[in-house]
Amino acid sequence: MRAAQFIDGQFTVTDVPEPPATGAGQLRIKVAACGICGSDLSMSKDPCRFVAVAAGAGFPFAVFDATRPVVLGHEWAGTVIETGPGVEDFAEGDRVTGLGITTEQNGMPTIIGYSNDYHGAFGECIVVDAFWVRHVPDGLSLEHASLAEPLHVGEMHMQQSGLKPADTALVIGCGSIGLGTILAAKAAGAHLVIASEPSPKRRELAAKMGADIVVDPNEQDPIEVYNELLAGGKTGGGLLIAYECSGRVGTLNTLTHTLPWGSRIQVVASPFAEETIIPVVAQMRQIAINFGHGPYEQAYEKVLARLAAGEIDAEALITGRTGLDGIADAFTALRNPDEHVKILVLPS
(Lines give C-alpha, C1' and ligand atoms only; values in the text may rest on other atoms or scores of the structure.)
Protein backbone atom coordinates (compact mmCIF):
# COMPACT_ATOMS: atom_id res chain seq x y z
CA MET A 1 0.00 0.00 0.00
CA ARG A 2 1.34 3.42 -0.95
CA ALA A 3 1.41 5.92 1.90
CA ALA A 4 3.30 8.86 3.37
CA GLN A 5 5.19 7.38 6.28
CA PHE A 6 6.46 9.58 9.13
CA ILE A 7 9.61 8.73 11.11
CA ASP A 8 12.50 10.74 12.54
CA GLY A 9 10.86 14.03 11.60
CA GLN A 10 10.51 13.15 7.91
CA PHE A 11 7.71 12.11 5.56
CA THR A 12 8.60 9.46 3.00
CA VAL A 13 6.20 8.19 0.35
CA THR A 14 6.73 4.46 0.16
CA ASP A 15 5.03 1.06 0.16
CA VAL A 16 3.88 0.13 3.66
CA PRO A 17 2.15 -3.02 4.93
CA GLU A 18 -1.63 -3.12 4.57
CA PRO A 19 -3.58 -2.44 7.78
CA PRO A 20 -4.47 -5.59 9.75
CA ALA A 21 -7.29 -7.83 8.57
CA THR A 22 -10.77 -6.35 8.77
CA GLY A 23 -12.18 -7.65 12.04
CA ALA A 24 -15.67 -7.97 13.43
CA GLY A 25 -17.57 -4.70 13.18
CA GLN A 26 -14.90 -3.06 11.04
CA LEU A 27 -14.69 -1.57 7.55
CA ARG A 28 -11.82 -1.32 5.10
CA ILE A 29 -12.08 1.96 3.23
CA LYS A 30 -10.35 3.38 0.16
CA VAL A 31 -9.41 6.92 1.09
CA ALA A 32 -10.53 9.74 -1.19
CA ALA A 33 -9.50 12.71 0.96
CA CYS A 34 -8.07 13.45 4.39
CA GLY A 35 -7.47 16.77 6.10
CA ILE A 36 -4.31 17.67 7.96
CA CYS A 37 -5.28 18.22 11.60
CA GLY A 38 -3.69 20.55 14.13
CA SER A 39 -2.90 17.53 16.28
CA ASP A 40 -0.96 16.09 13.33
CA LEU A 41 1.14 19.26 13.34
CA SER A 42 1.76 18.87 17.07
CA MET A 43 2.68 15.22 16.74
CA SER A 44 5.08 15.81 13.84
CA LYS A 45 6.77 18.64 15.73
CA ASP A 46 7.59 16.49 18.77
CA PRO A 47 6.35 12.87 18.60
CA CYS A 48 7.88 11.86 21.93
CA ARG A 49 6.22 14.75 23.76
CA PHE A 50 2.93 13.98 22.03
CA VAL A 51 2.98 10.34 23.14
CA ALA A 52 4.22 11.18 26.65
CA VAL A 53 1.36 13.62 27.21
CA ALA A 54 -1.23 11.11 25.94
CA ALA A 55 0.22 8.32 28.05
CA GLY A 56 0.39 10.53 31.13
CA ALA A 57 -3.26 11.42 30.66
CA GLY A 58 -4.25 7.77 30.42
CA PHE A 59 -5.50 8.43 26.88
CA PRO A 60 -4.92 5.20 24.92
CA PHE A 61 -6.20 6.65 21.64
CA ALA A 62 -2.88 8.38 20.90
CA VAL A 63 -0.23 6.12 22.46
CA PHE A 64 2.20 4.43 20.08
CA ASP A 65 5.91 3.74 19.66
CA ALA A 66 7.34 7.05 18.44
CA THR A 67 10.57 5.34 17.40
CA ARG A 68 8.69 3.34 14.75
CA PRO A 69 7.00 4.63 11.58
CA VAL A 70 3.41 5.84 11.50
CA VAL A 71 1.07 6.97 8.74
CA LEU A 72 -0.88 9.99 9.98
CA GLY A 73 -4.34 11.26 9.02
CA HIS A 74 -7.75 10.89 10.69
CA GLU A 75 -10.01 13.50 8.99
CA TRP A 76 -11.03 11.12 6.23
CA ALA A 77 -13.70 10.30 3.67
CA GLY A 78 -13.75 7.46 1.17
CA THR A 79 -15.44 4.35 -0.20
CA VAL A 80 -16.04 1.01 1.52
CA ILE A 81 -14.06 -1.79 -0.11
CA GLU A 82 -14.59 -4.53 2.50
CA THR A 83 -16.92 -5.19 5.42
CA GLY A 84 -16.00 -7.25 8.46
CA PRO A 85 -18.18 -9.87 10.19
CA GLY A 86 -21.31 -8.48 11.79
CA VAL A 87 -21.45 -5.26 9.76
CA GLU A 88 -25.00 -4.73 8.50
CA ASP A 89 -25.36 -1.00 7.82
CA PHE A 90 -22.66 -0.71 5.17
CA ALA A 91 -21.80 -2.45 1.91
CA GLU A 92 -18.97 -2.35 -0.58
CA GLY A 93 -19.15 0.79 -2.68
CA ASP A 94 -20.80 2.97 -0.01
CA ARG A 95 -19.49 6.52 0.25
CA VAL A 96 -18.62 7.13 3.88
CA THR A 97 -16.90 9.39 6.37
CA GLY A 98 -16.64 9.46 10.15
CA LEU A 99 -14.31 9.44 13.12
CA GLY A 100 -11.01 7.65 12.61
CA ILE A 101 -11.31 5.26 15.55
CA THR A 102 -10.54 1.56 15.47
CA THR A 103 -10.11 -1.27 17.95
CA GLU A 104 -6.64 -2.75 17.77
CA GLN A 105 -6.09 -6.49 17.87
CA ASN A 106 -5.19 -6.23 21.57
CA GLY A 107 -8.68 -4.84 22.23
CA MET A 108 -7.55 -1.28 22.90
CA PRO A 109 -9.10 1.68 21.05
CA THR A 110 -6.89 3.94 18.96
CA ILE A 111 -7.15 6.84 16.57
CA ILE A 112 -5.91 5.77 13.16
CA GLY A 113 -2.62 7.49 12.42
CA TYR A 114 -1.61 7.39 16.06
CA SER A 115 -0.91 3.68 15.83
CA ASN A 116 2.03 1.78 14.38
CA ASP A 117 -0.28 -0.84 12.85
CA TYR A 118 -3.53 0.94 12.00
CA HIS A 119 -2.44 3.45 9.42
CA GLY A 120 -4.04 6.83 9.05
CA ALA A 121 -5.55 8.19 5.87
CA PHE A 122 -2.36 9.64 4.37
CA GLY A 123 -2.35 6.35 2.52
CA GLU A 124 -4.53 4.40 0.15
CA CYS A 125 -6.76 2.58 2.64
CA ILE A 126 -7.71 2.44 6.32
CA VAL A 127 -9.49 0.07 8.70
CA VAL A 128 -11.95 1.66 11.15
CA ASP A 129 -14.75 0.56 13.46
CA ALA A 130 -18.10 0.84 11.66
CA PHE A 131 -19.69 2.26 14.83
CA TRP A 132 -18.02 5.62 14.12
CA VAL A 133 -18.74 5.68 10.37
CA ARG A 134 -21.55 7.58 8.62
CA HIS A 135 -22.95 7.51 5.10
CA VAL A 136 -22.12 10.57 3.01
CA PRO A 137 -25.39 12.19 1.84
CA ASP A 138 -26.09 12.23 -1.88
CA GLY A 139 -24.80 15.38 -3.53
CA LEU A 140 -22.04 15.98 -0.99
CA SER A 141 -18.54 15.36 -2.34
CA LEU A 142 -16.15 13.17 -0.39
CA GLU A 143 -13.68 16.04 -0.16
CA HIS A 144 -16.26 18.27 1.49
CA ALA A 145 -17.47 15.40 3.68
CA SER A 146 -13.99 15.09 5.17
CA LEU A 147 -14.51 18.51 6.78
CA ALA A 148 -17.20 17.14 9.10
CA GLU A 149 -14.58 15.73 11.48
CA PRO A 150 -12.78 18.99 12.33
CA LEU A 151 -15.95 21.10 12.17
CA HIS A 152 -17.88 18.85 14.56
CA VAL A 153 -15.38 19.66 17.31
CA GLY A 154 -16.74 23.20 17.44
CA GLU A 155 -20.34 21.93 17.51
CA MET A 156 -19.51 19.52 20.32
CA HIS A 157 -17.83 22.17 22.47
CA MET A 158 -20.54 24.72 21.75
CA GLN A 159 -23.12 22.30 23.13
CA GLN A 160 -20.96 21.49 26.15
CA SER A 161 -20.54 25.20 26.93
CA GLY A 162 -24.28 25.65 27.46
CA LEU A 163 -24.53 28.56 25.02
CA LYS A 164 -27.93 30.31 25.07
CA PRO A 165 -29.36 32.74 22.48
CA ALA A 166 -28.75 35.72 24.79
CA ASP A 167 -25.04 34.87 25.15
CA THR A 168 -22.04 36.26 23.29
CA ALA A 169 -19.46 33.85 21.88
CA LEU A 170 -15.86 35.06 21.75
CA VAL A 171 -13.91 32.71 19.48
CA ILE A 172 -10.14 33.02 19.92
CA GLY A 173 -8.20 31.57 17.00
CA CYS A 174 -9.83 30.95 13.64
CA GLY A 175 -8.25 27.84 12.23
CA SER A 176 -10.62 25.07 11.18
CA ILE A 177 -11.59 24.35 14.80
CA GLY A 178 -12.31 28.01 15.51
CA LEU A 179 -14.25 28.39 12.27
CA GLY A 180 -16.29 25.33 13.21
CA THR A 181 -17.03 26.96 16.57
CA ILE A 182 -18.22 30.13 14.83
CA LEU A 183 -20.52 28.06 12.64
CA ALA A 184 -21.87 26.19 15.66
CA ALA A 185 -22.48 29.36 17.70
CA LYS A 186 -24.32 30.99 14.81
CA ALA A 187 -26.44 27.87 14.26
CA ALA A 188 -27.33 27.90 17.97
CA GLY A 189 -28.53 31.49 17.68
CA ALA A 190 -25.88 33.28 19.75
CA HIS A 191 -26.72 36.96 20.14
CA LEU A 192 -23.23 37.96 19.02
CA VAL A 193 -20.19 36.10 17.74
CA ILE A 194 -16.87 37.92 18.10
CA ALA A 195 -13.85 36.36 16.39
CA SER A 196 -10.26 37.19 17.35
CA GLU A 197 -7.52 36.19 14.89
CA PRO A 198 -4.20 37.82 13.85
CA SER A 199 -4.14 36.26 10.35
CA PRO A 200 -5.92 38.35 7.66
CA LYS A 201 -6.78 35.19 5.71
CA ARG A 202 -8.43 33.60 8.70
CA ARG A 203 -10.22 36.81 9.70
CA GLU A 204 -11.71 36.89 6.21
CA LEU A 205 -12.94 33.32 6.63
CA ALA A 206 -14.30 34.07 10.11
CA ALA A 207 -16.51 36.78 8.63
CA LYS A 208 -17.57 34.46 5.81
CA MET A 209 -18.56 31.79 8.34
CA GLY A 210 -20.83 34.27 10.10
CA ALA A 211 -18.86 36.10 12.81
CA ASP A 212 -20.60 39.40 13.59
CA ILE A 213 -17.41 41.18 14.66
CA VAL A 214 -13.89 40.21 13.61
CA VAL A 215 -10.92 41.59 15.52
CA ASP A 216 -7.18 41.63 14.94
CA PRO A 217 -5.87 41.12 18.50
CA ASN A 218 -2.62 42.87 17.58
CA GLU A 219 -4.61 46.06 17.08
CA GLN A 220 -7.67 45.67 19.28
CA ASP A 221 -8.41 43.74 22.48
CA PRO A 222 -11.52 41.65 21.76
CA ILE A 223 -12.52 41.76 25.43
CA GLU A 224 -12.43 45.56 25.35
CA VAL A 225 -14.64 45.40 22.27
CA TYR A 226 -17.08 43.26 24.24
CA ASN A 227 -16.97 45.61 27.23
CA GLU A 228 -17.84 48.55 24.98
CA LEU A 229 -20.78 46.63 23.55
CA LEU A 230 -21.86 45.70 27.08
CA ALA A 231 -21.75 49.34 28.19
CA GLY A 232 -23.88 50.24 25.17
CA GLY A 233 -26.48 47.57 25.94
CA LYS A 234 -25.73 45.61 22.78
CA THR A 235 -24.73 42.22 24.17
CA GLY A 236 -28.13 40.58 24.62
CA GLY A 237 -27.99 40.35 28.38
CA GLY A 238 -26.44 36.90 28.53
CA LEU A 239 -23.00 35.58 29.41
CA LEU A 240 -19.72 36.01 27.58
CA ILE A 241 -18.36 32.58 26.68
CA ALA A 242 -14.77 32.58 25.44
CA TYR A 243 -13.94 29.63 23.18
CA GLU A 244 -10.19 29.16 23.29
CA CYS A 245 -9.35 27.66 19.89
CA SER A 246 -5.83 29.00 19.37
CA GLY A 247 -3.92 26.45 21.44
CA ARG A 248 -1.38 29.15 22.28
CA VAL A 249 0.47 28.88 25.57
CA GLY A 250 -0.51 31.76 27.86
CA THR A 251 -3.97 32.38 26.43
CA LEU A 252 -5.79 30.65 29.28
CA ASN A 253 -3.92 32.66 31.90
CA THR A 254 -4.67 35.91 30.08
CA LEU A 255 -8.36 35.07 29.85
CA THR A 256 -8.70 34.33 33.56
CA HIS A 257 -7.27 37.79 34.29
CA THR A 258 -9.17 39.83 31.70
CA LEU A 259 -12.59 38.32 31.08
CA PRO A 260 -15.53 40.00 32.82
CA TRP A 261 -16.60 38.50 36.11
CA GLY A 262 -18.93 35.55 35.71
CA SER A 263 -17.74 34.63 32.22
CA ARG A 264 -17.04 31.12 30.97
CA ILE A 265 -14.07 29.65 29.15
CA GLN A 266 -14.55 26.66 26.88
CA VAL A 267 -11.14 25.17 26.04
CA VAL A 268 -11.53 23.77 22.53
CA ALA A 269 -7.85 23.53 21.53
CA SER A 270 -4.97 23.06 23.95
CA PRO A 271 -1.18 23.22 23.70
CA PHE A 272 0.93 20.16 24.46
CA ALA A 273 3.33 22.38 26.38
CA GLU A 274 2.96 23.23 30.05
CA GLU A 275 0.72 26.17 30.89
CA THR A 276 0.76 28.19 34.10
CA ILE A 277 -2.41 29.71 35.51
CA ILE A 278 -3.23 31.05 38.95
CA PRO A 279 -6.38 29.11 39.84
CA VAL A 280 -7.52 31.53 42.52
CA VAL A 281 -7.75 34.29 39.91
CA ALA A 282 -10.49 32.39 38.08
CA GLN A 283 -12.11 31.64 41.43
CA MET A 284 -12.02 35.29 42.51
CA ARG A 285 -13.51 36.39 39.21
CA GLN A 286 -16.10 33.57 39.26
CA ILE A 287 -14.95 32.29 35.87
CA ALA A 288 -15.85 28.73 34.93
CA ILE A 289 -13.36 26.76 32.83
CA ASN A 290 -14.57 23.72 30.87
CA PHE A 291 -12.02 21.48 29.12
CA GLY A 292 -14.65 19.41 27.31
CA HIS A 293 -17.00 18.11 29.99
CA GLY A 294 -20.72 17.75 29.48
CA PRO A 295 -23.30 16.19 27.21
CA TYR A 296 -23.66 16.79 23.51
CA GLU A 297 -26.01 15.31 20.94
CA GLN A 298 -25.24 14.24 17.36
CA ALA A 299 -22.56 16.89 16.87
CA TYR A 300 -21.02 15.05 13.94
CA GLU A 301 -24.35 14.27 12.29
CA LYS A 302 -25.55 17.87 12.56
CA VAL A 303 -22.42 19.22 10.88
CA LEU A 304 -22.56 16.60 8.15
CA ALA A 305 -26.19 17.56 7.46
CA ARG A 306 -25.28 21.26 7.26
CA LEU A 307 -22.52 20.48 4.79
CA ALA A 308 -24.93 18.44 2.67
CA ALA A 309 -27.56 21.20 2.78
CA GLY A 310 -25.05 23.79 1.57
CA GLU A 311 -25.33 25.78 4.79
CA ILE A 312 -21.53 25.76 5.13
CA ASP A 313 -19.24 27.13 2.42
CA ALA A 314 -17.03 24.05 2.42
CA GLU A 315 -14.91 25.06 -0.53
CA ALA A 316 -13.91 28.32 1.18
CA LEU A 317 -12.46 26.32 4.07
CA ILE A 318 -10.23 24.23 1.81
CA THR A 319 -7.20 26.41 1.13
CA GLY A 320 -5.07 23.73 -0.51
CA ARG A 321 -4.93 20.20 -1.86
CA THR A 322 -1.98 17.89 -2.27
CA GLY A 323 -1.06 14.35 -3.21
CA LEU A 324 1.08 12.18 -0.95
CA ASP A 325 4.30 13.58 -2.41
CA GLY A 326 3.40 17.10 -1.24
CA ILE A 327 2.58 16.32 2.39
CA ALA A 328 5.90 17.57 3.81
CA ASP A 329 5.46 20.92 2.07
CA ALA A 330 1.83 21.07 3.21
CA PHE A 331 2.86 20.64 6.85
CA THR A 332 5.39 23.45 6.44
CA ALA A 333 2.77 25.71 4.85
CA LEU A 334 0.23 25.07 7.62
CA ARG A 335 2.66 26.33 10.23
CA ASN A 336 2.18 29.78 8.62
CA PRO A 337 -1.42 30.77 9.46
CA ASP A 338 -1.35 33.65 6.97
CA GLU A 339 -1.53 31.24 4.04
CA HIS A 340 -3.68 28.23 4.88
CA VAL A 341 -6.48 26.87 7.06
CA LYS A 342 -7.23 23.37 5.81
CA ILE A 343 -5.16 21.39 3.33
CA LEU A 344 -6.63 18.15 2.03
CA VAL A 345 -4.45 15.16 1.19
CA LEU A 346 -5.73 13.21 -1.82
CA PRO A 347 -3.90 9.85 -1.70
CA SER A 348 -4.90 8.84 -5.22
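Residues numbered from 1 in each chain as written. Predicted model: local features only at pLDDT ≥ 70, side-chain atom pairs only at ≥ 80, totals over all residues. Heavy atoms only, no water.

Under an unreviewed UniProt entry, the name given to the protein is Alcohol dehydrogenase, and the source organism is Mycolicibacterium llatzerense. Listed in UniProt under the heading Sequence similarities (unreviewed entry), the comment for the protein reads: "Belongs to the zinc-containing alcohol dehydrogenase family." (UniProt positions renumbered as here; feature names shortened; annotations may be inferred.)

**Regarding the layout of surface pockets**
Quantified by volume, the second largest pocket comes out at close to 290 Å³. For the second largest pocket, the lining is made up of 17 residues, of which Ile 172, Ser 196, Pro 217, Pro 222 and Thr 251 are closest to its centre. Elements with a minimum of two residues in the lining of the second largest pocket: helix H7 (222–231) and helix H8 (251–258). Considering every element that reaches the lining of the second largest pocket, the biggest residue donor is H8, with 4 residues. Taken together, the residues of the lining of the second largest pocket break down into 6 nonpolar, 8 polar and 3 charged. (1 Å grid on protein atoms, 1.4 Å probe; cavity = no way out; pocket = protein on both sides within 12 Å on 5 of 7 lines; lining within 4 Å. Points joined across faces, edges and corners; volume = space filled by probe spheres on them. Helix = DSSP H or I, 4+ residues; strand = E, 2+ residues; numbered from the N terminus. Nonpolar A, V, L, I, M, F, W, Y, C, P; charged D, E, K, R; others polar.)

**Focus on the environment of Ile 223**
Tracing the backbone through its elements, the reader meets Ile 223 in helix H7. Judged by relative accessible area, which is 6%, Ile 223 ranks as buried. Sequence spacing of Ile 223 and Leu 255 is 32 residues, and the spatial spacing of their C-alpha atoms is 9.0 Å. Apart from the residues lying within four places of it in its own chain, the contact partners of Ile 223 are Leu 170, Leu 255, Thr 258, Leu 259 and Pro 260. (Buried < 20%, exposed > 50% of the residue type's maximum accessible area, 1.4 Å probe, protein only. Contact = heavy atoms within 4.5 Å.)

**Structural notes on the pairing of strand S3 (residues 26–35)**
With 8 of its 10 residues buried, S3 lies for the most part within the structure. Alignment of S3 against strand S4 (residues 75–83), held across 8 bridges, turns out to be antiparallel. Bridge pairing links Val 31 to Gly 78 in S4. Bridge count between S3 and strand S17 (residues 342–345): 2 bridges; the pairing is antiparallel. (Pairing = 2+ DSSP bridges.)

**Description of the UniProt feature "domain: Alcohol dehydrogenase-like N-terminal" (unreviewed entry) in the protein**
According to UniProt, the feature "domain: Alcohol dehydrogenase-like N-terminal" (unreviewed entry) maps to residues 23–138 in the numbering used here. End C-alpha atoms of residues 23–138 are separated by 28 Å, and the span's content is 16% helix alongside 32% strand.

**Looking at the sheet that holds strand S10 (residues 168–172)**
On the basis of which strands lie adjacent, the open sheet formed by 6 strands has the order S12-S11-S10-S13-S14-S15 and parallel pairing. A single partner strand is all that each edge strand has here, and the edge strands are strand S12 (213–215) and strand S15 (288–290). Sheet twist, expressed as the average angle between the axes of neighbouring strands with direction ignored, equals 20°. Pairing of strand S11 (residues 192–196) with S12 involves 3 bridges; the strand directions are parallel. Note that in S12 the partner of Ser 196 across the bridge is Val 215. (Axes fitted to C-alpha atoms, helices over the stretch in contact; angles between N-to-C directions.)

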